[in-house]
Every structure is written in C-alpha cells, then in structure tokens.
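Structure assessment
Letter by letter, the chains look like this.
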Amino acid sequence: MRKILALVGLFLFATSIVLAQKADGSIKGKLIDTAAKQAIADATISLTLVKDSSLVTFTLSSKQGLFEIKGLIPGEYQLIFTHQAYQSFRKNISITPNRKTIDLGELTPQKDYKTLAGVTVTNEAPIVVKGDTVQFNASGFKTAPNATVEDLVKKLPGVEVDKEGNVKTQGEQVQKVYVDGKEFFGNDPKLATKNLTADMVESIQVYDDMSDQAKFTKIDDGSRTKAMNIKLKKDRNKGVFGRALAGYGDNNRYEANLSANKFNGPQRLSVLFNANNINKQGFAFSDIISSMGGFSGFGGAGGIGGKMMALEGMQLKGGGFGGGNFGSSSAGIIKSISAGTNYSDEWNNRIKATGSYFFSNTDNEQQQNSFRKTSYPDSVASRTGNTFSRNKNQNHRINFRIEAQIDSLSSILYTPSITLQHSTNGYDDNSFTDVDWEAHDFRALVDTSERTNERDGINWNNNLLYRRKFKKTGRTFTLGWANTFGQSESSGFTISNINYYDTAAVLRRQIRQNQKNDQTTQTHSNVVSVSYTEPIGLNKVIEFNYAYTSNRNTSNKVTYNYDPFSLKYDDPNFPLTNDFENKFRAHRFGANFRVQNKKFNYQLGIGVQRSALENISTRKTMQGKDSLITTNTSYTNFFPTVNFNFTPAKSKNLRFSYNGRTNQPSVSQLQNVPDVTDTLNIKIGNPNLKQEFVHNINLNYNTFNILTFRYVAANLNFSTTQNKIVSDITTKGPQQTTTYLNANGSFRASGFFTLGLPFKNMKWKGSSLNFTNSTSYFRDVNLIRGVKNNTNTFSVTPGAGVNLNKEKFDIGLRANVTYSKITSQQNPMLNDDYFTHSYSLDCSFNLPKNFILSSDFSYLFNTGRSDGFNTAIPLWNAGLRKQVFKKKNGEIRFIVNDILNQNQSISRSANQNYIEDTRSMVLRRYFMVSLLFN
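As the structure is a prediction and not an experimental result, all values here were calculated from the model.

Structural notes on the sheet that holds strand β11 (residues 159-161)
Taken together, the 3 strands give an open sheet; going across it, the order is β11-β12-β13, and neighbouring strands pair in antiparallel fashion. Of all strands in the sheet, those bounded by a partner on one side alone are β11 and β13 (172-173). Pairing analysis gives 2 bridges linking strand β12 (residues 167-169) to β13, with the strands arranged antiparallel. When the bridges of β13 are listed, K168 appears paired with Q173.

Structure follows, in structure tokens:
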C-alpha cells in the first residue's frame, strides 16, 4: 500500500515539475478608458496562435483593468481584445527565450464597439457556471478520434462514469439525459451517451431537473433529479450521419452495433441496434430487471407444509441494508440484443412531438460463491454457499411526449409510456452452515434448493398537463392528471431439501419442499392536481395547489404442494394462499410563497394531507373457510418546504433546500402471507403498517474561477425517516422469519466535494488535476428477537486523478481508497471495518501512419474481508487501432480484454446482524478484431 501511494505521489510530483518547465512566458497589461478616466473591467482578452488562429487561452480583466496570461512557451501569438462597449483590437506578440515577459502597459481601446469584418473570436471557457447549471464546453476537453459522448463525459471534472456507463456528478446519479433539451429514447440516460459521438457535441450541461409543472410555474415541487443536456453543434442539426461497428473474437465472442441519424432542424430520426456477448449494455438496468408488480424473489410463495423442530439455542438470520462492489461490476456472462428508433418533430411551431420504441433481450448466466457470517450475542453462524442462476428477460418499451400550443397562452402536454416484459429465471443453490454456540462448533444444516419462475407484465403510464398563462405576468393555472396501470402474472416452482444436525452431528430433522406457486398482481393509481399562481408584488408570487390521489393494489398468491400419488401439484397449501387488496386515498392542500431577485431567490411552502389506508386480506383455512382481515388507518401530515438559491456572481451558486414527503408501504410489506421462496428466511407482511415520513435537507455549492479555471463543487445531504418501515426478525432454530413494523431513529448523512484544476498554459491545454471526496454515515434500525438494534455504517472515499492531454497522447491516472466501518450497538460481534483500494492508469498514443495504441490498467485490492475474499485484482486491457479512409472516419481495431486473465467480481453486503462476501463469475480474457465506420 505504501509503495503504491509513494508511486502516485511521485507521479504527481514529477508531473508538476514537467508542467513548470519551459512554460514560464507571460503577457500582462492594463485597460484604461481615457475619456472616462477609469479602468475597463470584464473585458475578454483572447490569445491565439498566429500560424493557425487556434485559441490558446483567454482571461478577463479585473476591476482595476489588469490582466495577465501566464504559462506560455516561446512562440508567435495574437492578442485580441473584445468588450461590448469598445472597438475590438488585435496585437501580435512574440515570446522568445530571451524575452519571456511582455508588459504592454496601459492599453486604451476606442469607444463605439464595432465587429471586425471576417473575424470570429472563440472565447468560451471550458467550464461556465450559470446559476445552478454547470456547462462544460466540449472544445476544452480533448477526446480521441471517433470517441463517444461517454468518452467525453469521463473527462469532465466532478463527473464519474462506472464500467456500466452509469453517470454520477457531484455524488448524485444522473437520471435523465436530454439531447438539445429533448428526450432521447425516453429517460434512458445510457442510450444517448453510448450512441452519440463526441465530435457532435458543443457543450454538456449538468443541472437539477424539475417536473414539467414546476418548470412552468417556477414553483419547486420537490421533484428534482440530476439531469444532463447534450447540446449539439449547429452544423449537426442537418444531415445524415451514423456509426457502425462489427467485431469477432476467440471463444465466439462478438459485438455489433449501429447508430444512424437523420436530422433536419427540429425533425430528427434515430435508429439504434446492438448485439454482443461481452457484457456491454447500451441501455438502462431497468430493462433487465423491472419492478412492475409486487412480487418478491422469484415470484413465488413457497412454503413448508408441516412444522419444524427447533434446535434449542441456535439462531441464524439473513437480510440486507448496504454493501460495496469490488473488481468487475459486470457480474456473469451476459448476451444481449437491443434495437430501437426515436423520432421528434415540430409542426407550425404549435405541436412538438417525440416518440420512441425500444426492444431489449438479455440472457445472463451467473455462478457465485459466498460466505455469510451471522452474529448473535450467544452464537455465530457461518454459511458457505454456491449458486448458479440463469435469467432471461425481454422488454418492449414505448414512450411518447406530445406538446400542443393551443394559443399564445395555453398548452397541453401528454406523456404516455407502455412497457411489456417477459422473463424466465432459474436458480440452483447448495450451501452448508456451521454454528459456534456454547463451546460447540458444528455443522448445523446442509441445504440444496432449486427455484424457477416465469413472469409476464405490463405497465402503462399516462401524464396529462394543461397549462395556462394569463396576461398578467406571473399569473398561471395548471391542471394535471397522472394515471398508472400495471399487471404482472408469474408462475414458479420451489424444490428444496434441508438436513438439520445437532451438536453431535446426528441428523435431527429433514425437510422436503416441492411446491408450485402462482401470483397475479395489479396496481391502478390516479392523481389529479391543480395549481394557481398569483403575483402579489414586485418579483413575488404565491401559489395554491390541491391534489387528489387514489391507489389500488391487489395481489393474489396461490400455492400447491406436490402430491406424490397423483404426480401433480394439486394439494392446496392454505397458509401460503392469500388474496390481498390495498387502497390508499389522499387529499392534499398547499401554498407556496416565492421571491425572485437578481442574485437570490427563495421559496417557503406548507402542505397538509389527509389520507386513508385500507387493507383487506382474505385467506382460506384448512376447513376451506375464508378468513377475512380488514385494517383501516388514517393520517394527517404536514409538508413544509424551504428553497433558497443564492448567485453572488455569474460563476457562483449556493442552494439550500428542505422538503418532507410520505412513503406508502408496498404490497409485499403489507400482505400477511408467508413468502418462503428461501426456506430458511421466511418473509411475511404486516397489514398494520403506517406510512413513512421523510425529512430531507440538501446544501449545494458550485463555483468556477474564470481566471484560474478552478472548479469547486460541494454537496451536503441529511435525511431522516419517521415511522420507517423496518425488519422485525425472529428465529426458530435455524429458520428465520422477517416481518415489518414502524420505528424511529434511522437517518442518512452524506457529503461530496470535488476540486478541478485544469492546466491553463498552452503546453498542457485540456489537462487537469481532479480531487474528490465522498463521505456517508447511515444508521439503520431493526428489531431482532424483539430488541431494537441500531447498525451504523460509515464510509469515506477520497480520490485523486490527473489527465494529461497532448496532441500525440492522452494519459489519465486515478486513485480511490474507500474505508468502511460497521458498528452495532446491541451486537458488537457484527462490528467490522475494511478498505477497498482502486488505482488505474489509462493512456492513448497517436502513432505514425494513423495508428492509435491504447491501454488501461487497474489494480484493485481490499483488506478486512473474510478469508479467501481479500483478493488483489490486476486488470489489464489493451488495443491497437488503425484509422482508415480519407477522413479518418474508419478504424480497424484489435483489442485484448483482461490480458492477465485475473478479472474477478467481489462484493460485500451487510444487514441487521450479518456480513456477507460474494465472489461472482465474470467475463475474462478474450481478444477481438472489429471494424468501425463513423
């Protein structure tokens, strides 16, 4: 560890020495208005190369009219002065080894600015902070030829892209990616970043997106999500362009993808296709595993037909509240094929429409081995498991967005979406559990199980919003309707064989489970909302709103035992059969007061909601009679809202927000029928659950110094939940039963900080140093055998990186170290701490004859894990590309993945009273030859 840190420090130190060499030239001066006898502030001073007029750098004059440009190497430059109130002028300057510092003295531009004919000055900074929006101009971040938008995003300071293509900025996941402000294949963020090319992009904007109603009324409704907008270059708004790749390698590895676009101003048509068996997914994970329909596990209520005999004094458990991945994040071997089309257009400036269809099919094979240590005050259970699974999923997704301008003051927005899904899952598990109890160390049980499930589902969403402006500025009216319908049908089988042993290794109990389970779930919800805003003074607006919500969810579970005489699944299991209905209705009234000033704005709001929750559970008894259980509860909640936004300068922004919201319990948490898909970990709902109430506080700060190019972003977040729905765990011998109840005391605090230091001098233009740190502290609450248990998880991840960009090479070095600590107040045996280290180097070199050599190397290791899971993983990939064709828009590629054949995936999870380490099968070494045409 010390050697690695020393090497990283030595590299950064050597880099700073190199940057300081031979780039010590400077130009300075002072701008004066002789007529007004005052300094000229905020003038743009751009420096270009004489030989090709390319921009070297730029700066702004200070309040005293002073400017200085440093870090210049010897060469011929042209200084260009621009200001909206003065005429532009240019001045040629020569920096030589003997004349490194140029002092221009006082410069006096003439009044009455006129644009010089034929002169275009590019003076955009690489980063611009506009209120709560951070804009990264693509020209300031160099990428390799034929790079994708994802490659460009990886260069942006404060932005992280994992191996799956998920994007995080300022510590938050990017939920939406727009193209020129328009949806691209719905809200799937990966389809844009993975299929559009970097050379199309003018800038990338990162901001907090709000709902359509909030954007219209300017009243924050608390629905913010992190979003990214890809702004295309003007010359890419018309024409036909695309990108195609086909490749084949050893072990029958293959990859093929196509992105074709036809743009004509607002009319845009895009077609995508992708097929591979190398774990590349150009779409969101939700296309693989959807949460439609309230089933759990493999969709089956499994069960035990008879009573279990307990082993006195022995307790085992399961669950899950957190964890971390290590090594490859693409677990398993995934075959995928996907295709889709996206179309957008405008008609008569009155109707704007965007629609898309997307199909995906995935087949994931997975093998895992795991070690779970479960701790109690009087015993410790260690479970070793080996599993094999295969999950297949087909997904059809249709999205539309239609915006119609009725007249100059009124418009309608309609956004429907439909998702169809079919999935099949298979799961085989072999495990054994050793127990240390009262000086006895023995093998307590051996378990083999097999589960299968097949499911079909549909989810249909409709959102309709009517918006009306009035002639009086600030007076608006909106009427909205949101509707959701979902249905899921599944059928599965559960077969398990469990042997229980006592301390003397004598077989005490055998359980044989062979069951079929069918489940049908439905959800239907409607929300009608209305909002009215009225100006009550200069820059002041008050809003009144009302919303009615009606939700109905049903779940029908039917379980049959296998009859060895009839050889059929025709023996009803009544304890595991249930009809469940959940109804929720609410009326909410609210008001918001908003003040908008030049440098700051704030919003104060309050809402009150009266809601009613009804649960109806119907179960058959052994006598064939129905047992009906009905519960009714009602609540009155208050929803305070505070938002404050301060912009002291155009490149600085501070934002504070507080909001409260309710969360309703899910059907699986309410339905009081045992789910024994996992025979040793039975789950059963609680129809008496209350709704949760979440308090959330967020503080965010962004700044960009246009003179030093320094970029700083910081975020603090705190949330706590009243009546949080938590696990209530009881044990009976080696079997654990989990139900749910409401408890207080749970909270989460997190912070994120990033510092970007782009190198401003010409020699290392586009290079940067980046430092990040993320910290979180999470307290989880649960009950174990009736005793309240608080489990605290602390995690801190400092990181540092350097990007060096030159015309001939591109090098990136990154280091991240994560320290995690878990403490339990009631169960000290659960206390644990461990480190995860990640160091990576990636580089690309432009060689003669249009060859490009690229390679990346990652070294990952951890400490503090279970025996056999403290593994060091060296991961080395390399590739050689040859640019072909006259425009260099084609490439022949040869790549080798995992040259050392050492790739692994190791993850850790923890929950209530256990810690589990898991090793998963991953894609290892292969080579591939491919052809790219851009």
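Next comes the rest of the description.
Quick notes on unusual backbone geometry
The backbone phi angle of N252 is positive, close to 60 degrees, even though this residue is not glycine. Residue placement: N252 occurs in the loop between β18 (238-249) and β19 (254-264). In this structure, A505 is a non-glycine residue whose phi angle is positive, near 65 degrees. Looking at the element boundaries, A505 is found in the loop between β28 (476-501) and β29 (507-537).

Considerations on the pairing of strand β32 (residues 578-596)
Regular strands show a simple pattern: their side chains alternate between the two faces of the sheet. Pairing of strand β30 (residues 540-563) with β32, which is carried by 18 bridges, proceeds in the antiparallel orientation. Paired with N551 across the bridge in β32 is F584. Pairing between β32 and strand β33 (residues 600-620): 18 bridges, direction antiparallel. The residue bridging F584 from the neighbouring strand is L613, located in β33. What sits between the antiparallel neighbours β32 and β33 is a turn of 3 residues.

Regarding the side chain of N770
Secondary-structure assignment places N770 in strand β42 (residues 768-784). When its relative accessible area of 13% is taken as the criterion, N770 is described as buried.

Some remarks on the environment of G799
Along the chain, the position of G799 falls in strand β43 (residues 787-805). Among the residues examined, G799 registers a relative accessible area of 10% and is labelled buried. Once you skip the residues sitting within four places of it in the chain, G799 turns out to touch N770, F771, T772, A815 and N816.

What to know about the nonpolar core
Counting 35 residues, the largest nonpolar core has V153, I204 and M228 as its most contacted members. Broken down by secondary-structure element, the contributors of at least two residues to this core are β10 (133-137), α2 (149-153), β11, β14 (176-179), α3 (189-195), β16 (201-209), β17 (225-232) and β38 (711-722). Not counting residues up to four positions away in its chain, the partners in contact with M228 are V153, V167, V174, K176, V177, Y178, I204, Q205, V206 and Y207. By size, the runner-up hydrophobic cluster in this structure holds 20 residues, among which are L31, A43, V56 and L107.

Quick look at the pairing of β43
Within β43, 14 of the 19 residues are buried, which leaves the element mostly enclosed by the surrounding structure. In this antiparallel pair of consecutive strands, β42 and β43, the connection spans 2 residues, and R785 shows a positive phi of 55 degrees. Here 13 bridges tie β43 to strand β44 (residues 809-824), and the two strands are oriented antiparallel to one another. Bridging across to β44, N803 finds its partner in G812. Between the end of β43 and the start of β44, which pair antiparallel, lie 3 residues.

Some points on the environment of T818
Looking at the secondary structure, you find T818 in strand β44. A C-alpha to C-alpha distance of 4.3 Å links T818 and T797, two positions 21 residues apart in sequence. Not counting chain neighbours up to four residues away, the residues in contact with T818 comprise S795, V796, T797, Y834, F835 and T836.

Quick notes on a nonpolar patch on the surface
A surface patch of nonpolar side chains, amounting to about 710 Å² of accessible area, comprises L269, V271, Y343, W347, I351, Y357, I398, F400 and I402. At the level of secondary structure, the elements contributing two or more residues to the nonpolar patch comprise β20 (267-276), β22 (333-347), β23 (351-376) and β24 (379-405). Top element by residues in the nonpolar patch is β24. It accounts for 3 residues. Within the secondary structure layout, F400 lies in strand β24. Exposure remark for F400: the relative accessible area of 42% places this residue in the partly exposed category.

Some thoughts on the packing of aromatic side chains
Aromatic rings in a pair are described by how distant their centres are and how their planes are angled relative to each other. Throughout the structure, instances matching the rule amount to 18 aromatic pairs. Note on F241 and F263: the rings are 5.2 Å apart at their centroids and 80 degrees apart in plane angle, and the pair reads as edge-to-face. Note that F241 is positioned in strand β18 and F263 in strand β19, a separation of 22 residues in sequence. Per residue, the accessibility class of F241 equals that of F263, and both read buried. For the ring pair F809 and F845, a centre distance of 6.4 Å and an interplane angle of 40 degrees mean the geometry is tilted. Here F809 is found in strand β44, whereas its partner F845 is found in strand β45 (residues 832-847), with 36 residues between them in sequence.

Section: the pattern of salt bridges
Within this structure, the stated rule accounts for 26 salt bridges. Across the pair E365 and R390 runs a salt bridge whose closest N-O atoms are separated by 3.6 Å. One end of the pair, E365, is in strand β23; the other, R390, is in strand β24, and 25 residues separate them in sequence. You can call E365 partly exposed: its relative accessible area is 31%. The salt bridge involving E534 is made with R475; its shortest N-O contact spans 2.8 Å.

A word on the environment of Y569
Mapped onto the elements of the fold, Y569 is located in strand β31 (residues 568-572). For the pair Y569 and N517, spaced 52 residues apart in sequence, the C-alpha to C-alpha distance is 9.5 Å. If sequence neighbours within four positions are ignored, Y569 has contacts with F493, N514, Q515, K516, Y560, N561 and Y562. Polar contacts involving the side chain of Y569 include one to the side chain of N514, which spans 2.6 Å.

Considerations on the side chain of S259
Mapped onto the fold, S259 is located in strand β19. Its relative accessible area of 3% is what places S259 among the buried residues. Ignoring any residue separated from it by four or fewer positions in sequence, one finds S259 in contact with N195, F241, G242, R243, V271 and L272.

Observations regarding the confidence of the model for the protein chain
Here the protein chain shows a mean pLDDT of 82. Residues at 70 or above account for 85%. This model gives residues 10-21 a pLDDT under 50, and the stretch forms 13 contacts once residues within four places in sequence are excluded. Every residue in residues 285-329 scores below 50 in pLDDT, and together they form 175 contacts with partners more than four places removed in sequence or on other chains.

Parameters at a glance
Residues numbered from 1 in each chain as written. Predicted model: local features only at pLDDT ≥ 70, side-chain atom pairs only at ≥ 80, totals over all residues. Heavy atoms only, no water. Pairing = 2+ DSSP bridges. Helix = DSSP H or I, 4+ residues; strand = E, 2+ residues; numbered from the N terminus. Buried < 20%, exposed > 50% of the residue type's maximum accessible area, 1.4 Å probe, protein only. Contact = heavy atoms within 4.5 Å. Core = buried A, V, L, I, M, F, W, Y, C linked by side-chain atoms within 4.5 Å. Patch = residues over 30% accessible without salt bridge, like charges linked within 9 Å, V, L, I, M, F, W, Y side chains within 5 Å. Areas by Shrake-Rupley, 256 points an atom, 1.4 Å probe, with all protein chains shown as cover. Salt bridge = Lys/Arg side-chain N within 4 Å of Asp/Glu carboxyl O. Phe/Tyr/Trp six-rings, centres within 6.5 Å; stacked < 30°, edge-to-face > 60°. Polar contact = N/O pair within 3.5 Å; in protein donor to acceptor, adjacent residues only side chain to side chain. pLDDT = per-residue confidence, 0-100.

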